[in-house]
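Topology and contacts: notes
If you want the building blocks of each chain, they are given just below.
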Amino acid sequence: MNTDSISFQSVLDALTATGRDFPRRYLQQFSDIGSLELKTLLEVWTRVAPSRKLTLLEGLQALADKDTLVNFDDFARAILGDSEPQVRIRAIRLLSECEDPKLAATYLDLLKNDPDVHVRVEAANALGLFVDLGELEEISESIYHRIEDDLLALANSNDDPRVRRAALESLGYSPRLEVTTLIESSLHREDPAWQTSALVAMGRSADDRWADDVTRSLFNDNDGIRRAAVQAAGELELKSARPALLKMLGEEEDDSVMSAVIWSLSQIGGEDVRTYLENLLD
């Protein structure tokens, strides 16, 4: 971190101050934070108001979304055990691109033991990265299979449905037969939330066996299901879905679904797609 102890003390003072907004110019100081600065930060962290913590983390996330050079991993990892659930959730989100396999064990612990269901959902979502890395052979088989086994056990349990659906979505990257069976059974549930999660998993599978299911779901009346189907069509680059997606450009009323349609068509490609998108841009 490009700061000395005196300037970082100014950051700490601003963080613990009340009645004043935290200066945005200080956000950069949390990137690649040094061990000494992190230690002193954690010593005052319990005195920081919960609302202040959340404002800081929202600012760090916004900066990370804009600037690919900043890295808040060390700070985020250090506060995963914070007493406030929303702080833990935002810390997990700040670590969304961290591929350290050791982090998977932390997420599994949160998934199984955290008292807050929303934190457990976030941990299940975060484990999707490591399922993907395991399938790409970028982490050890033992870690990969442990994650798969734990997510499968959870998805098939009687746990909170929100956590189970997040586990299903993260398992989408896995080619295991049990995952395929789970996706199929989830798609045929009457609950739209389960159908949506099944479509999310399909999109992550890189398996065109789901082409017909995804294409049929493009015409569903439920906005969430339709959006997930559109996203899956783009992720799978389904050329067979192109006519339906092009038709949706002129008929879709939901803005979020329309945005997904445009993105998916850009993934699928084709000269007719280029023409439609250029006309839309005009």
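Presented here is an overview of the structure given in this document.

Rules of the game
- Residues numbered from 1 in each chain as written.
- Predicted model: local features only at pLDDT ≥ 70, side-chain atom pairs only at ≥ 80, totals over all residues.
- Heavy atoms only, no water.
- Phe/Tyr/Trp six-rings, centres within 6.5 Å; stacked < 30°, edge-to-face > 60°.
- Helix = DSSP H or I, 4+ residues; strand = E, 2+ residues; numbered from the N terminus.
- Buried < 20%, exposed > 50% of the residue type's maximum accessible area, 1.4 Å probe, protein only.
- Axes fitted to C-alpha atoms, helices over the stretch in contact; angles between N-to-C directions.
- Parallel < 35°, antiparallel > 145°, perpendicular 65-115°, else oblique.
- Left-handed = near helix turned anticlockwise from the far one by under 90°.
- Contact = heavy atoms within 4.5 Å.
- Nonpolar A, V, L, I, M, F, W, Y, C, P; charged D, E, K, R; others polar.
- Core = buried A, V, L, I, M, F, W, Y, C linked by side-chain atoms within 4.5 Å.
- Arc of directions from axis to C-beta.

On to the packing of aromatic side chains, then. For the structure on display, the rule yields 5 aromatic pairs. With a centroid separation of 5.2 Å and an interplanar angle of 55°, the aromatic rings of F30 and F75 are classed as tilted. Linking F30 in the loop between helix 1 (5-16) and helix 2 (35-45) with F75 in helix 4 (residues 73-78), this pair joins segments that are 45 residues apart in sequence. A residue is classified by how much of its surface remains accessible, and F30, at 1% relative accessible area, is buried. Classification of F75 as buried rests on a relative accessible area of 0%. An aromatic cluster is defined as three or more aromatic residues linked by ring pairs; in this entry it consists of F22, Y26, F30, W45 and F75.

Let us now look at the packing of helix 9 (residues 161-171) against helix 11 (residues 192-204). When two helices pack together, their arrangement is captured by the angle between the axes and the distance separating the axes. Remark: helix 9 packs on helix 11, axes separated minimally by 7 Å, with the N-to-C direction vectors making an angle of 20°. With respect to their mutual orientation, helix 9 and helix 11 come out roughly parallel. Where helix 9 crosses over helix 11, the handedness of that crossing is right-handed. In this structure, helix 9 contributes P161, R164, R165, L168, E169 and S170 to the contact, and helix 11 contributes A193, W194, S197, A198, V200, A201 and R204. Among the residues making up the contact of helix 9 with helix 11, the classes are represented as 7 nonpolar, 2 polar and 4 charged.

Attention now moves to the nonpolar core. Formed by 94 residues in total, the largest nonpolar core has its most connected members in L41, F75 and L245. Ranked by residue count, the leading element in this core is helix 7 (residues 117-135), at 10 residues. Ignoring anything within four residues of it in the chain, the contact list for L245 reads L218, V230, A233, V261, S264, L265 and I268.

Residues lying three or four places apart along an α-helix face the same way, a consequence of the helix completing one turn every 3.6 residues. Buried within helix 10 (residues 177-187) we find V179, T180, L182, I183, S186 and L187. In a view along the axis of helix 10, the buried residues occupy a sector of 165°, so they form one face of it. As for helix 10, its buried residues are in contact with helix 8 (141-155), helix 9, helix 11 and helix 12 (211-217).

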